[in-house]
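# Analysis of the macromolecular model
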Amino acid sequence: MHWRVDAGRQTIALASSGGIPEVIWWGPRLPDSEDLAQLAAAQRNDLTGGMLDKLPALSLSPEPGRAFQGQPGHILAGADGTQLHPAFAFDRAETAPGRLTLISRAPGLTLSHHLTAQPTGTITLKTTLQADRPVRVQWLAAPVLPAPQHGDMIDVHGKWIGEFHLIRTPWTPGIRQREARTGRSGHEHPPYLILAGDGCTNTAGDALALHYAWSGGHRMVAEELPDGRRQVQFGHPFGAETEPGTHFETAELIATASTTGLNGIATAFQKDLRDRVVQWPEPTRPRPVHYNCWEAVYFDHKLDTLAEIATRAAALGAERFVLDDGWFGKRDDDRSSLGDWTIDRRKWPDGLHPLIKHIHSLGMTFGLWFEPEMVNPDSDLYRAHPDWRLGPEDQTTGRHQMVLNLALPEVRENLFQQVSAVLAEYPIDYIKWDHNRLLPVVDAAQTRGIYDLLGRLRAAHPSVEIESCASGGGRIDAGILARTHRVWLSDSNDALERLRIQHDAALFLPAAITGSHVGPRHCHTSGRVLPMAFRAWVAAQRHMGFEMDLRELTEDEALTLARVTRWWKDNRGWMLGGTIHRLDSDDPAVTGEMQIASDGSRFVTFAGQAETSRQILPRPLRLTGLDPEAKYEVRLLNPEDAPRQSRGPNALKTGPLMLTGRALMTRGIHLPVAWPATMWIVEGRKA
C-alpha cells in the first residue's frame, strides 16, 4: 500500500506492509509518473552481523516493544501508570483531495496520522490517539519523518534581547534533543528545524524544514540510529499531558522543502504564516505605523504628556497609538495589580476617553497593553482567589508575578469578562498581549486554555488585532499566530542587534507580522547611541513603528524619521505582500536582504553595515530571486548617508543603473564606502 501527498514544490510519499506506515520520500516534488512501489522497494536495507533478523520500521510512530533501537514515537501507560507496549497494525487510509489520514489500531487504541497539503505549499502533519479507556501519554510525536543522509541541522537558540541565533550542528551517531520546558515556545530554542544539504547557502542548495505549531514548549529529537538511518520527531514537552484521558493529539507539524537554498524555506514559511495561519480582521487594510509609549514614559502615565507625544507621533506619520503597561489597578511599578484589569482612576480620573478622543482627532487608532495570563500576589484578584495560581504557593516569582491556571474554566471566564469589558467600553482596535515570565510547571492544558481564551475574545471582538509579546520574542510560533496578528520580535530596540535578529528570523517569519520599532537615541537595552537614519531604516525592514520619547528628537532626526516613514507607507503594500530573501554577503560585516514583490516587478535591497570591513573597499553584493534575462533599473535611495571618506566615482551615488538580472545576481552591485551603523537602500524595478 502506497500514498503520496504533494504541495507546492514538495512530496511526502508513504508505504505500509502491515504495520504503522512509514515515509519513503520527503523532499522535492516527485514526477507524477513516479512508481511508488518501486520507490518503496528501493528503501529496503540489507542486514549484517550483530543485527536482529528484521530491521524494525522507522514508521510514523516508531514503536517501543518492537525492537526499535531509537527513540519511540509514543510512550504510553495505563491510568494507573503501568507501561503499555501496544502492537499497532495498519487498518485503513482515508483520502480526500489534498488530505490523507492513515489509521492504525491496537486493542483499545486507535493511532491516526493526518497529512494535509496546504494551498501555500506546505504540508501539515498531525497525530491523534484515541483510547477506549483512560490512558496516560508521556510522549506522542507528530508524524515522524526521516532525515537526509547529508548536510547539517540548523536550529534556533536565543535569549532575552538576543533572539533567533542560528545553530548549525553536524549529524553524529546518537541524539540531538532540544526541549523547551518553560511553558511557552521560548527564547531559548523555539520550535524550528532546518535540515540543510551539503553546500546549502541562502540562495542555492537543497533543504528541508519543520515548524511545530504549539505555544507551550516542545520536544525535538533528531537521531541517527546505529544502523545509520536518521529520524526527526516533534511533539509537546515530555510529560506535558498531566492527566489520563481518552483523546490526545499533537499540534500541526508544518513541513516544507526547497531546492533554492534557505530562501526557498524562508519564502514558503513566510507565505504560509501570512496567507494561511494568521486570520486577519481586515486583510486588505494597510498595516499601520505604530507608536508605543513604553520607552517614553514607562509607568508614569500623565494625560498631558501622552497627548503631547501623540501629537508628535501623528506628525511623524504614526497611525496607531499603543498605551503600554501602567494604566490599570494601582500599577506604579511591576510589583502589583496584574489581574486587576480596571482603569487606575488616580492616573485616569475620567478613564481613557480623553486620551483616546485626542488620538482619534489626530487620525490615529488606539491600542492597549494587557498581560492577562499573569497575576501579582499584590492584587485584588490574587487575594480573592489564591487557588487560581499555576504551581505551588512557594514558587519563585518572575518579575514579581505568578501565572494563572488557565486550565480552570472559572479563570478563563474571569479574564474574558475583565478584558471584554474594557474592549466594550473603549474604541480599541489593538491589544499588545504580553507574557513576561516562565511557567512554573509544564502542562499542555495551560496552552489549550490560552488558545480558548484568545478564541473567545476574538469571536466577541472580531475587529481587534492582537500582538503576541513574551518578554520580546518568547512566544513566536504558528500556534499563537493562528490566534494573533503580530509578534514583538525582541525587547531590544538596538538597531544593530535588530538587524541580525530580523535577518535570521526571516527564515521563518514574514515582514507583515514582525513588529520593529525605532528606539531611543540612547538604547535602553544596550547603551549604544546610533544614528537616526540607521534606526529608522532597520525598523522599515518589517512592520514599522516608533518607541521612544519623541520630545527628545532634534529637528534633523525628526525630518529623517518622517522621510523614512513616508517611504515605508508608500511601499508597504507590495513589500508586506512580498517575500524576504537573505543575501549571501561576501563581506561578513554586511547583512544583506531583498524584499521582492509577489509579481517580481520590483524589489528593495537593504545592506546593513554592522561593523568595519576587513578590506578597504566594499565587496560587490550579489542579489537573488530575479529574472536573469530581464533588465532592472536599480537606484540608491539614500546617497546622502555616505560618509565624507566616500570620495570616489561610485556609479550608484550619482544615478540609476540598468542591468540584467543575471548581472545583478552573478556580479552584484558596488555600494559606496560606509561607516558601521549605515544602511544602504537600493530600489529596483523591472524594465
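What comes next is a walk through the structure. Note that the coordinates shown come from a computational prediction; the quantities given were computed from them, not determined experimentally. (Residues numbered from 1 in each chain as written. Predicted model: local features only at pLDDT ≥ 70, side-chain atom pairs only at ≥ 80, totals over all residues. Heavy atoms only, no water.)

Once that is clear, we can look at empty space enclosed by the protein. Under the definition given, this model contains seven cavities of 30 Å³ or more. Quantified by volume, the largest cavity comes out at close to 140 Å³. Considering the residues around the largest cavity, the lining is formed by 14 residues, among which Val590, Gln609, Pro618, Arg619 and Leu671 are closest to the centre. Taken as a whole, the second largest cavity encloses approximately 90 Å³ of empty space. Val137, Gln138, Trp139, Leu140, His236, Pro237, Ala240, Glu241, Phe248, Glu249 and Thr250 together form the lining of the second largest cavity. Of all the elements, strand β9 (residues 123-140) adds the most residues to the lining of the second largest cavity, at four residues. (1 Å grid on protein atoms, 1.4 Å probe; cavity = no way out; pocket = protein on both sides within 12 Å on 5 of 7 lines; lining within 4 Å. Points joined across faces, edges and corners; volume = space filled by probe spheres on them. Helix = DSSP H or I, 4+ residues; strand = E, 2+ residues; numbered from the N terminus.)

As a further point, take the nonpolar core. Grouped together as the largest cluster of nonpolar side chains are 171 residues, with contacts concentrated most on Trp327 and Leu509. In contact with Trp327, other than residues within four places in its own chain, are His301, Trp341, Thr342, Ile343, Asp344, Trp348, Leu368, Trp369, Phe370 and Val422. (Core = buried A, V, L, I, M, F, W, Y, C linked by side-chain atoms within 4.5 Å. Buried < 20%, exposed > 50% of the residue type's maximum accessible area, 1.4 Å probe, protein only. Contact = heavy atoms within 4.5 Å.)

The subject of this paragraph is unusual backbone geometry. Although it is not a glycine, Arg399 adopts a positive phi angle of roughly 55°. With respect to the helices, strands and loops of the structure, Arg399 is situated in the loop between α6 (380-384) and β24 (402-403). With phi around 50°, Ser471 is a residue other than glycine that occupies positive phi space. Within the element layout of this structure, Ser471 appears in the loop between β26 (465-468) and α9 (478-481).

Here we come to the environment of Gly264. By the element assignment, Gly264 lies in helix α2 (residues 262-277). Between the alpha carbons of Gly264 and Asn202 there is a distance of 8.4 Å; along the sequence they are 62 residues apart. Apart from residues no more than four positions distant in its own chain, Gly264 is found in contact with Arg9 and Ser258.

Turning next to the sheet that holds strand β17 (residues 230-235). Taken together, the four strands give an open sheet; going across it, the order is β10-β17-β16-β13, and neighbouring strands pair in antiparallel fashion. Two strands in the sheet have a free side with no partner beyond their single neighbour: β10 (145-146) and β13 (174-179). Of the strand pairs in this sheet, strand β16 (residues 219-224) and β17 are connected by six bridges, and their pairing is antiparallel. Across the sheet, Glu224 pairs through a bridge with Arg230, a residue of β17. (Pairing = 2+ DSSP bridges.)

Right, let's get into the packing of aromatic side chains. Taken as a whole and judged by the stated rule, the model has 20 aromatic pairs. Between the aromatic rings of Tyr212 and Phe234, the centroid separation amounts to 6.1 Å while the plane-to-plane angle is 20°, which identifies the pairing as stacked. With Tyr212 in strand β15 (residues 207-212) and Phe234 in strand β17, this pair connects stretches of sequence that are 22 residues apart. In this structure Phe234 comes out as buried when scored by relative accessible area, which is 1%. One aromatic cluster in this structure is built from Trp327, Phe328, Trp341, Trp369 and Phe370. In this arrangement the basic side chain of Arg456 is found over the ring face of Phe416, its NZ or CZ atom lying 4.0 Å from the centre. For the cation-ring pair, Arg498 lies above Trp488, with the distance from its terminal atom to the ring centre recorded as 4.5 Å. (Phe/Tyr/Trp six-rings, centres within 6.5 Å; stacked < 30°, edge-to-face > 60°. Lys NZ or Arg CZ within 6 Å of the ring centre and 35° of its normal.)

This part is about the packing of helix α7 (residues 409-425) against helix α8 (residues 444-460). Viewed as axis vectors pointing N to C, α7 and α8 meet at an angle of 35°, and their least axial separation amounts to 10 Å. The element α7 and its partner α8 pack so that their crossing is right-handed. Touching Arg412, Glu413, Leu415, Phe416, Val419 and Ser420 of α7 are Gly449, Asp452, Leu453, Arg456, Leu457 and Ala460, all from α8. Considered class by class, the residues forming the contact of α7 with α8 number six nonpolar, two polar and four charged. (Axes fitted to C-alpha atoms, helices over the stretch in contact; angles between N-to-C directions. Left-handed = near helix turned anticlockwise from the far one by under 90°. Nonpolar A, V, L, I, M, F, W, Y, C, P; charged D, E, K, R; others polar.)

It is worth spelling out the sheet that holds strand β29 (residues 543-546) at this point. The eight strands are arranged β20-β21-β22-β25-β26-β27-β28-β29 in a closed barrel whose pairing can be described as parallel. Along the sheet, successive strands turn relative to each other by an average axial angle of 30°, direction set aside. Bridging between strand β22 (residues 365-370) and strand β25 (residues 430-433) involves four bridges; their strand directions are parallel. When the sheet's bridge partners are listed, Trp369 is paired in β25 with Lys432. Here helix α11 (residues 532-539) sits on the sheet in contact with β28 (514-518) and β29, set at roughly 165° to β28.

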